[in-house]
Amino acid sequence: MSRRFLVLWVVLPVVAGAITERAWSATNPGYFGYEAWRQRVIERHLDPEEVVYPFKTTPEMMDWATKQLQPYAQKDVLLQLQVLQDALLNTSYSFSYEKTRTLTAGSAFAAREGNCISFTSLFVAISRSLGIETFLVAVRRPPGIERVDDVTVVNQHVVAAYQSPRKLHIYDFYSTSTEPYHFKKVIDDVAASAIFHTNLGAEDIRNGDLEGAHHHLDIATTLEPGWAPAWINLGVAEFRGGDVEGALEAYRSALLAQPGNPSALTNMAIAYRSLGREEEAEAALRAAADDTKSPFTLIEMADIEMEQGLYDSAARYLRRARRLYGKHAEVFDALSRLATLEGDAAGAEKYARRAEEIRKRQSQSAARR
């Protein structure tokens, strides 16, 4: 029943005590712009040539941007930014979403695709080169969660922003989205590089390249040692490489950065279980289920309760999973298992049917994309 949880943080999560809120200004300690970024990377004893700087431009990018924005060169900054966003997303350029591709601005421009941080890096690189001081911002929305084989992938969201005297203006890849932004946290360029390397490391893990994963995640944790997601993914790389104690140490570092992080606790439980330390594994899972961002932690706890005959407790976990994550087929698979154990054949069949309907609908949706 053990499951490995890899957290692929496509954006920066809101982490208390880790990356503090910053704004672009000469008096603020954030690191914005290549020279400030380079100075900070050297201070971290890293070679700037080995670290991804997401916002480098290319001549092709600037030729395209100049043509798009030249008619608006003397116009209001906010109008120029809106024109740029529209130009990147309209049919003449047609940037398309690809959630597994974390690309720098130049690579994203050439490929015309990437995930949300790829798009925002492209937007920020172009606007900065035109003299407009934009930056990345993390926003809190319900994370997208999916299973990929034995891995749980948690996708969150990042946007571009411009600070006017009275308002923070947001430029989102999902330009037609009506979902509110519950929280906004400015990401400086060093933190943006840490996000890139965390994502690249996660992609390497999914592709079975553990050496590459360690390279990227070591950079990420050195750039931002108080940022939990990089430590979590490093722990997954260690675990997959057979270093269970190294994995536990990485998860502990994640919990120091963000006490109670449910992904770190869930991964820690899996590591404990592999060592036969069942009591510690169950304690970690219970703590994760109390504040989980994943339906699969709740399902795992429900399965543990089922194994022990604690069906009422299992039902409580699954009711919560259904309320929060009712679009996941695995929730109804678990409800079907519980109904079977309770002797409710009709209920088991109903939940199994519901799970199949969800999978069919998701398959049809994927085929249309």
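Residues numbered from 1 in each chain as written. Predicted model: local features only at pLDDT ≥ 70, side-chain atom pairs only at ≥ 80, totals over all residues. Heavy atoms only, no water.

**With respect to the overall build of the protein chain**
- Assigned secondary structure in the protein chain consists of 15 helices and six strands.
- Among the 369 residues that make up the protein chain, the fraction classed as buried is 53%.
- The contacts in the protein chain between residues at least 6 apart in sequence include a share of 62% that link residues at least 24 apart.
- Split by element, the accessible area of the protein chain, about 17,000 Å² in all, is 48% carbon and sulfur. (Helix = DSSP H or I, 4+ residues; strand = E, 2+ residues; numbered from the N terminus. Buried < 20%, exposed > 50% of the residue type's maximum accessible area, 1.4 Å probe, protein only. Contact = heavy atoms within 4.5 Å. Areas by Shrake-Rupley, 256 points an atom, 1.4 Å probe, with all protein chains shown as cover.)

**Details of the packing of aromatic side chains**
- Per the stated rule, a full pass over the model turns up 10 aromatic pairs.
- Look at Tyr34 and Tyr53: their rings are 5.2 Å apart centre to centre, the planes differ by 80°, and that puts the pair in the edge-to-face class. Of this pair, Tyr34 sits in helix H1 (residues 34–43) while Tyr53 sits in the loop between H1 and helix H2 (59–69), and the two are 19 residues apart along the sequence.
- Clustering of aromatic rings is evident, with ring pairs tying together Tyr34, Trp37, Tyr53 and Phe55.
- Directly above the aromatic system of Phe332 lies the positively charged group of Arg354, at a separation of 5.4 Å from the ring centroid. (Phe/Tyr/Trp six-rings, centres within 6.5 Å; stacked < 30°, edge-to-face > 60°. Lys NZ or Arg CZ within 6 Å of the ring centre and 35° of its normal.)

**Observations concerning the side chain of His169**
- Relative to the helices and strands, His169 is located in strand E5 (residues 168–171).
- Within the structure, His169 has its side chain in polar contact with the side chain of Ser164 (distance 3.0 Å).
- Discounting residues that sit within four places of it in the chain, His169 has contacts with Leu78, Ala160, Ala161, Tyr162 and Ser164. (Polar contact = N/O pair within 3.5 Å; in protein donor to acceptor, adjacent residues only side chain to side chain.)

**Describing the pattern of salt bridges**
- Under the definition given, this model contains 12 salt bridges.
- In this structure, the salt-bridge partner of Arg353 is Glu349, at a minimum N-O distance of 3.4 Å. Of this pair, Arg353 and Glu349 are both found in helix H15 (residues 345–368), four residues apart, which corresponds to roughly one turn of the helix.
- Among the residues examined, Arg353 registers a relative accessible area of 44% and is labelled partly exposed.
- Where Arg354 meets Glu357, a salt bridge forms, and the shortest distance between an N and an O atom there is 3.8 Å. (Salt bridge = Lys/Arg side-chain N within 4 Å of Asp/Glu carboxyl O.)

**Side note on the confidence of the model for the protein chain**
- Residues at a pLDDT of 70 or more form 82% of the protein chain, whose mean pLDDT is 82.
- Mean pLDDT across the elements of the protein chain ranges from a minimum in strand E3 (residues 134–148), with 68, to a maximum in helix H7 (residues 210–223), with 96.
- Segment residues 1–29 is flagged for pLDDT under 50; beyond a separation of four residues in sequence, or across chains, it makes 113 contacts in the model. (pLDDT = per-residue confidence, 0-100.)

**Focus on helix H5 (residues 116–129)**
- For H5, with 14 residues, the first-to-last C-alpha span of 20 Å sits near the 20 Å given by 1.5 Å per residue.
- Most of H5 sits out of view: 13 of its 14 residues are buried.
- Just beyond H5, the residue with positive phi is Gly131, at close to 90°. (Expected span 1.5 Å × (residues − 1).)

**Notes on the nonpolar core**
- Counting 54 residues, the largest nonpolar core has Phe239, Tyr251, Leu318, Val331 and Phe332 as its most contacted members.
- For this core, the element with the highest residue contribution is helix H9 (residues 244–257), accounting for eight residues.
- In this structure Val331 touches Pro295, Ile299, Leu318, Ala321, Arg322 and Tyr325, once residues within four positions along its chain are discounted.
- Counting 52 residues, the second largest nonpolar core, distinct from the first, contains Leu88, Tyr93, Tyr162 and Ala191. (Core = buried A, V, L, I, M, F, W, Y, C linked by side-chain atoms within 4.5 Å.)

**Brief notes about the packing of helix H6 (residues 189–206) against helix H8 (residues 228–240)**
- Viewed as axis vectors pointing N to C, H6 and H8 meet at an angle of 25°, and their least axial separation amounts to 10 Å. Here H6 lies roughly parallel to H8, going by the angle between them. The handedness of the crossing between H6 and H8 comes out as left-handed. Side by side, H6 and H8 meet where Thr198, Ala202 and Ile205 of the first sit next to Pro229, Ala230, Asn233, Val236, Ala237 and Arg240 of the second.
- Residue classes in the contact of H6 with H8 are distributed as six nonpolar, two polar and one charged. (Axes fitted to C-alpha atoms, helices over the stretch in contact; angles between N-to-C directions. Parallel < 35°, antiparallel > 145°, perpendicular 65-115°, else oblique. Left-handed = near helix turned anticlockwise from the far one by under 90°. Nonpolar A, V, L, I, M, F, W, Y, C, P; charged D, E, K, R; others polar.)

**What to know about helix H13 (residues 311–325)**
- Its 15 residues place the ends of H13 20 Å apart at the C-alpha level, agreeing with the 21 Å of an ideal helix rising 1.5 Å per residue.
- Listing the buried residues of H13 in full gives Ser313, Ala314, Ala315, Tyr317, Leu318, Ala321 and Tyr325.

**Remarks on the environment of Gly208**
- If you trace the backbone, Gly208 turns up in the loop between H6 and H7.
- Judged by relative accessible area, Gly208 falls into the exposed class, the value being 57%.
- Distance from Gly208 to Ala237, taken between C-alpha atoms, is 9.3 Å for residues 29 residues apart in sequence.

**Details of the packing of helix H10 (residues 262–274) against helix H11 (residues 278–290)**
- Where H10 contacts H11, the axes come no closer than 8 Å and their chain directions differ by 165°. Regarding the angle of H10 to H11, the classification is roughly antiparallel. Classified by chirality, the crossing of H11 by H10 is left-handed. Where H10 approaches H11, its residues Pro262, Leu265, Thr266, Ala269, Tyr272 and Arg273 are matched on the opposing element by Glu278, Glu280, Ala281, Ala284, Leu285, Ala287 and Ala288.
- A class-by-class count of the residues in the contact of H10 with H11 yields nine nonpolar, one polar and three charged.

**Side note on unusual backbone geometry**
- Of note in the backbone geometry, His45 takes a positive phi value of approximately 60° without being a glycine.
- Overall, His45 belongs to the exposed group, its relative accessible area being 74%.
- Phi is positive for Arg112, which is not a glycine, with a value near 60°.
- Mapped onto the fold, Arg112 is located in the loop between helix H4 (105–111) and strand E2 (113–114).

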